[in-house]
Amino acid sequence: MKDSNDILFYDEDGLFFEFSNFYPLPVKIDGAFWLTSEHFYQAQKFINDSSKEKIRLAKTAEEAYLLGNNLQESRVDNWENRRVQIMERAVYEKFSQHDFLKEKLLETGELLIKENSPTDSFWGIGSDGLGKNVLGRILMDIRNKFKNLEEAKQSVKPKWMCIEDSVEIPTEYGKMFFNVYMDHKGKEHLAIISGNIDVDEHVLVRIHSECITGDVFKSSKCDCGIQLDRAFKFIGEETQKGKGGIILYMRDEGRGIGLGNKLRAYKFQQQGFDTIDANKIIQTPVDDRNYVLPSQILKSLGINKVRLITNNPLKIKDLENEGIEVKRVKINSSVTPFNKDYLSVKNNIMGHNIGIDY
Ligand SMILES: Nc1nc(O)c(N)c(N[C@@H]2O[C@H](COP(=O)(O)O)[C@@H](O)[C@H]2O)n1
Ligand SMILES: [Zn+2]
């Protein structure tokens, strides 16, 4: 139902038309410019580049919409399952690339945002006002993400929490120096430094999100434990060669939703839902992390150029947004019968293009 305080957007002459995908504002995604976020969304329905290009070159969002719904050319399969993730990306890119829009979204505070479409009860609220409002929910999720980012940027400078700034601990891959950083929420994160750090070079870095099931209890359900071991080994080898590297171990368990929620999400995965839908079912963000704090930690160490050991495009994007030059170092995973679905979602929908050791 509509409430007088709700933020309603849909009509071209409405106060919040900028929130509509039809608002004429260009967005750059995957190296290409799209006249609107609607152009990008509609183009993703199709397999071949010529169809995508026809839509990309459409003069208006309306034209792109009509092409997206009428082009008789081969379409991607299971679009119904992918369209929300595609829409989330299109809208996130649009708002994160235009500060005035991000500000306008943040200024809506905690108010409900609804696409006041009289015809669409999936993306909007439909004629009876009771529709799913999926687009409105996406906007509110992105508003929260921006709020967390803003908070993290305002967070107190990371504080060295160790006795002498760092503690030497012998590891399987040689001695390393452990440094604790506390964030604005009181969470303690680790910077594990090995060997010589030459800030004039691209420093070898792994930003690892905590996964206690994988990192500690050797779960075969994900590739976190393998990735951590491989990053440690790689940095240990670099140290042997007289260089070095850093592992930033971030307490972002469960892609930021915490251990309990992750295990709740696992239960739904056991019923056949993928890692994205499982998070949504338990009403948590798909990924509640940002990498402002790791960027702050690196900069506090004088590091502005890194070779980042990751498959996760969001880590690269956030570091670059914080002014850090990133060269990506791919990290292979080993497929198990227990993690193959998870890896394929990371690879095919979350953009990780994972190197797979079979
Ligand atoms: N929420 C959630 N659901 C799952 O099914 C998962 N396997 C995870 N794992 C968490 O993802 C993070 C590692 O992902 P990246 O490779 O860094 O993108 C880590 O926080 C795991 O706990 N989470
Ligand atoms: Zn894991």
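Keep in mind it's a predicted model, so treat the numbers as computed, not measured.

A. Just unusual backbone geometry, in detail. Even without glycine at this site, asparagine 133 takes up a positive phi of about 55 degrees. Structurally, the position occupied by asparagine 133 is in the loop between β4 (113–115) and α6 (134–154). A residue is classified by how much of its surface remains accessible, and asparagine 133, at 5% relative accessible area, is buried. A positive phi angle, close to 55 degrees, is found at glutamine 283, a residue other than glycine. Secondary-structure assignment places glutamine 283 in the loop between α10 (275–281) and α11 (292–300).

B. Looking closely at the domain arrangement of the protein. Under the domain assignment, the protein is made up of domain 1 (7–155) and domain 2 (161–252 + 289–350). In total, domain 1 and domain 2 occlude about 1000 Å² of area from one another, counting both sides; carbon and sulfur atoms represent 51% of this. For the pair domain 1 and domain 2, the interface holds one salt bridge. Put simply, glutamate 93 and lysine 317 hold a salt bridge, and the shortest N to O gap is 3.4 Å. If you tally residues by element for the side of domain 1 that touches domain 2, the top one is α6, at six residues. Broken down by class, the residue content of the side of domain 1 that touches domain 2 amounts to three nonpolar, three polar and five charged.

C. Spatial organisation of the site of ligand 1. Surveying the vicinity of ligand 1 reveals 21 residues, the closest of which are Gly254, Gln269, Arg289, Lys315 and Lys346. One of the backbone N or O atoms of aspartate 252 is found 3.0 Å from an oxygen atom in ligand 1. Take glutamine 269: an N or O atom from its side chain is 2.7 Å from an oxygen atom of ligand 1. Bound to the protein, ligand 1 loses 98% of the 520 Å² it would expose on its own. Secondary structure elements with two or more residues in the shell around ligand 1: α8 (224–240), α9 (259–270), α10 and α13 (340–348). The residue makeup of the shell around ligand 1, split by class, is five nonpolar, eight polar and eight charged.

D. Representation of α13 within the structure. Restricting attention to buried positions, one finds in α13 the residues Tyr342, Leu343, Val345 and Lys346. Along the axis of α13, the buried positions cluster into a sector of 160 degrees, meaning they face one direction only.

E. Expanded view of the side chain of histidine 189. Structurally, histidine 189 can be placed in strand β8 (residues 188–195). On the basis of relative accessibility, which here comes to 3%, the residue histidine 189 falls in the buried class. Separated by 3.0 Å, the side chain of histidine 189 and the backbone nitrogen of arginine 251 make a polar contact. When sequence neighbours within four positions are dropped, the list of residues in contact with histidine 189 reads Asn179, Val180, Tyr181, Asp183, Tyr249, Met250, Arg251, Asp252 and Leu293.

F. Inspection of the environment of glutamate 253 at higher detail. Tracing the sequence through the fold places glutamate 253 in the loop between β10 (244–250) and α9. On the accessibility criterion, glutamate 253 (6% relative accessible area) is buried. With 43 residues separating them along the chain, glutamate 253 and glutamate 210 place their C-alpha atoms 4.7 Å apart. Look past the residues within four positions of glutamate 253 in its chain and what remains in contact with it is Glu210, Cys211, Ile212, Gly258, Leu259 and Lys262. Within the structure, glutamate 253 has its side chain in polar contact with the side chain of lysine 262 (distance 2.7 Å).

Definitions and cut-offs
- Residues numbered from 1 in each chain as written.
- Chains lettered and ligands numbered in written order.
- Predicted model: local features only at pLDDT ≥ 70, side-chain atom pairs only at ≥ 80, totals over all residues.
- Heavy atoms only, no water.
- Helix = DSSP H or I, 4+ residues; strand = E, 2+ residues; numbered from the N terminus.
- Buried < 20%, exposed > 50% of the residue type's maximum accessible area, 1.4 Å probe, protein only.
- Domains from an automatic or database assignment.
- Buried area = accessible area lost by both parts, 1.4 Å probe.
- Salt bridge = Lys/Arg side-chain N within 4 Å of Asp/Glu carboxyl O.
- Nonpolar A, V, L, I, M, F, W, Y, C, P; charged D, E, K, R; others polar.
- Near = heavy atom within 4 Å.
- Polar contact = N/O pair within 3.5 Å; in protein donor to acceptor, adjacent residues only side chain to side chain.
- Areas by Shrake-Rupley, 256 points an atom, 1.4 Å probe, with all protein chains shown as cover.
- Arc of directions from axis to C-beta.
- Contact = heavy atoms within 4.5 Å.

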